[in-house]
Amino acid sequence: MDLFEFSARKAADASRPLADRMRPGHLDEFVGQKHAVGPGTLIRHAVEQDRIFSMILWGPPGCGKTTLARILAAETSSHFVQFSAVLSGIKQIRSVIEEAGKQQSLYRKKTVLFVDEIHRFNKAQQDAFLHHVESGLITLIGATTENPSFEVIPALMSRCRVITLNALGPDELEVIIDSALKARRRGLGTMALTIDPQALSHLIRIADGDARAALNSLEIAASLAVSGKDPNQEGTTAGITLENLEKALEQKALGYDKDGEEHYNLISALHKSLRGSDPDAALYWLSRMLAAGEDPFYIARRMVRFASEDVGNADPYALRFALSAMEAFRFLGHPEGELALAQAAVYLATAPKSNSIYKAYAEVKTCIRNTGTLPVPFSVRNAPTDLMKELGYGKDYKYAHDYKNAYVPQQYLPDKLKGRRFYSPTGRGYEKIIKQRLDRWRSLKDRQKQGKNS
């Protein structure tokens, strides 16, 4: 390579986006996904043995699917071909297969075919891979953000192992950002940049587990920071501020701290809005938290808790509704899944309310602390052996289904707590029906007790 060619390549590298320049070249440099590529994993073993296998990498954007595919090809000295399912068809597939044959026969090289967005291939395009994956001519690595069991044909699925990748965590994104700021050849190290803690925290929240998004935003913010630096102050470092970052993202950082007071203020406002049956306020606080980067599953868990604590049996369906919303978000992710959380918030806010279960369970726990481990009444003890039966286990137990309406008054609580009542349903929602039922049963118990006492 002559000096002109070297300079041209160096200029081309510098013009590449930061996210592309910072791709790690080796498995040991890869950040995150320890469950998939860490020591002792199937992928790590395959690389060490140079026996890479066909796989489908399933995960959200920016979690490292393309980077991992490139590393696997490089670590195993394979011929790497990147292929877009959006832009390519059968003709391009045949060309790749033909080239793979040449690489195998002329250079004894395996071909790793990386297919981005493999879920966009139609059945005919996916069928075109089958024979060549099975024969070993190509090692197929597909990448998808969609559930492959729905989008990839069964025959191809059976020839590939699905590797699930996760969104990167805050600590992992911080490592990637720090590396980009320090790396002199590939990153921003020559710019002598620092980043304010507030700006770093906001960048990590907005990136939402996506390394590419984090690095793209960092690159623009770095450019703004350098352009605003005083040219007369030579040798000083430029700082990426929250203001730089907001300009780069074209999005203002909402006042929020996941571990601070504002976090608890907002979740408290959401919970109290739900309890107060105000769907408008509930939607507002839910949206505020999501926009500020709160973990959606934290919000979903709190709504599941609310369904039991504040709605309870006034609407038994509320708990299922909240769980379904959480599962819908797990399936859809941002931004589509946010609507499921909003739907759950409105449902919970407008549901009839009862904290009877919450109060009853708290009272039971207090009772147990005060009374200790009281013995189980003999009549409801298990009696699997003759000895236990001789000792009176199960004696006089009445099988409810043998009686009218499958109910018969008998004692189930310990003797010391006989007649104690913990659960008092309200007259709201479905609890009104539960209350009527319980009142009738308890009346039968009271009459039985009076009959025994007379």
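Residues numbered from 1 in each chain as written. Predicted model: local features only at pLDDT ≥ 70, side-chain atom pairs only at ≥ 80, totals over all residues. Heavy atoms only, no water.

1. Notes on the layout of surface pockets
- Reported here for the largest pocket is a volume of approximately 1600 Å³.
- Forming the boundary of the largest pocket are 48 residues, of which Pro 60, Ala 167, Asp 208, Gly 333 and His 334 lie nearest the centre.
- Put simply, the parts of the chain that give the lining of the largest pocket at least two residues each are helix H8 (148-151), helix H10 (170-182), helix H11 (197-207), helix H15 (279-291), helix H16 (296-311) and helix H17 (317-332).
- In terms of residue class, the lining of the largest pocket is built from 20 nonpolar, twelve polar and 16 charged.
- The calculated volume of the second largest pocket comes to roughly 970 Å³.
- Taken together, 34 residues form the lining of the second largest pocket, with Gln 410, Gln 411, Tyr 412, Gly 419 and Lys 445 sitting closest to its centre.
- Classifying every residue of the lining of the second largest pocket gives 14 nonpolar, six polar and 14 charged. (1 Å grid on protein atoms, 1.4 Å probe; cavity = no way out; pocket = protein on both sides within 12 Å on 5 of 7 lines; lining within 4 Å. Points joined across faces, edges and corners; volume = space filled by probe spheres on them. Helix = DSSP H or I, 4+ residues; strand = E, 2+ residues; numbered from the N terminus. Nonpolar A, V, L, I, M, F, W, Y, C, P; charged D, E, K, R; others polar.)

2. Here we look at the pairing of strand E1 (residues 55-58)
- Alignment of E1 against strand E4 (residues 138-144), held across four bridges, turns out to be parallel. Of the residues in E4, the one forming a bridge with Trp 58 is Thr 144. (Pairing = 2+ DSSP bridges.)

3. Some details on the packing of H11 against helix H13 (residues 242-249)
- At a minimum axis separation of 8 Å, H11 and H13 run at an interaxial angle of 25°. Classified by the angle between their axes, H11 and H13 sit roughly parallel to one another. Contacts between H11 and H13 involve Gln 198, Ala 199, His 202, Leu 203 and Ile 206 on the former and, on the latter, Leu 242, Leu 245 and Leu 249.
- A breakdown of the residues in the contact of H11 with H13 according to their chemical character gives six nonpolar, two polar and no charged. (Axes fitted to C-alpha atoms, helices over the stretch in contact; angles between N-to-C directions. Parallel < 35°, antiparallel > 145°, perpendicular 65-115°, else oblique. Contact = heavy atoms within 4.5 Å.)

4. Remarks on unusual backbone geometry
- Following His 334, the chain continues to Pro 335 via a peptide bond in cis, the omega torsion being -10°.
- By the secondary structure assignment, Pro 335 is in the loop between H17 and helix H18 (338-350).
- Here Asp 208, not a glycine, exhibits a phi torsion of approximately 55°, which is positive.
- Taking the relative accessible area as the measure of exposure, Asp 208 reaches 43% and is therefore partly exposed.
- Although it is not a glycine, Asn 405 sits at a positive phi angle of roughly 60°. (Buried < 20%, exposed > 50% of the residue type's maximum accessible area, 1.4 Å probe, protein only.)

5. A few points about the sheet that holds strand E2 (residues 79-84)
- Read across the sheet, five strands follow the order E2-E3-E4-E1-E5 without closing on themselves; strand pairing throughout is parallel. Strand pairing shows two members of the sheet lacking a second neighbour, E2 and strand E5 (161-164), which therefore form its edges. Neighbour-to-neighbour, the strand axes of the sheet open up by a mean angle of 20°, direction not taken into account.
- Direction of pairing for E1 relative to E5: parallel, over a ladder of four bridges. What sits directly across from Met 55, in E5, is Arg 161.
- Most of the contacts of helix H5 (residues 65-75) go to E2, to which it runs at about 155°, and overall it touches E1, E2, strand E3 (111-116) and E4.

6. Some remarks on empty space enclosed by the protein
- Scanning the entire structure with this criterion turns up one cavity of 30 Å³ or more.
- Taken as a whole, the largest cavity holds about 30 Å³ of empty space.
- When residues of the lining of the largest cavity are traced back to their parent elements, those giving at least two are helix H14 (261-275) and H16.
- The element that contributes the greatest number of residues to the lining of the largest cavity is H14, accounting for four residues.
- The class makeup of the residues in the lining of the largest cavity is five nonpolar, one polar and one charged.

7. Observations regarding the nonpolar core
- Counting 30 residues, the largest nonpolar core has Leu 270, Leu 274, Leu 286, Ile 299, Met 303 and Leu 348 as its most contacted members.
- Contributing elements (two or more residues each) for this core: H14, H15, H16, H17 and H18.
- For this core, the element with the highest residue contribution is H16, accounting for eight residues.
- For Met 303, the contacting residues outside a window of four places in its chain are Leu 274, Ala 322, Leu 341, Ala 344, Ala 345 and Leu 348.
- Of all hydrophobic cores here, the second largest spans 29 residues; its members include Ala 183, Ala 207, Leu 218 and Ala 222. (Core = buried A, V, L, I, M, F, W, Y, C linked by side-chain atoms within 4.5 Å.)

8. Focus on the environment of Glu 172
- With respect to the element layout, Glu 172 can be found in helix H10.
- The sequence separation of Glu 172 and Ile 204 amounts to 32 residues, and the corresponding C-alpha distance is 9.6 Å.
- In this structure Glu 172 touches Val 31, Gly 32 and Gln 33, once residues within four positions along its chain are discounted.

9. With respect to the confidence of the model for the chain
- When pLDDT is averaged along the chain, the result is 82; 89% of the residues meet or exceed 70.
- At the low end of the mean pLDDT range in the chain sits helix H1 (residues 3-15), at 50; at the high end sits H18, at 94.
- Contacts of residues 1-12 to residues separated by more than four positions or lying in other chains number two contacts, the stretch itself having pLDDT below 50.
- The low-confidence segment residues 252-256, where pLDDT is below 50, has 18 contacts with residues more than four positions distant or belonging to other chains. (pLDDT = per-residue confidence, 0-100.)

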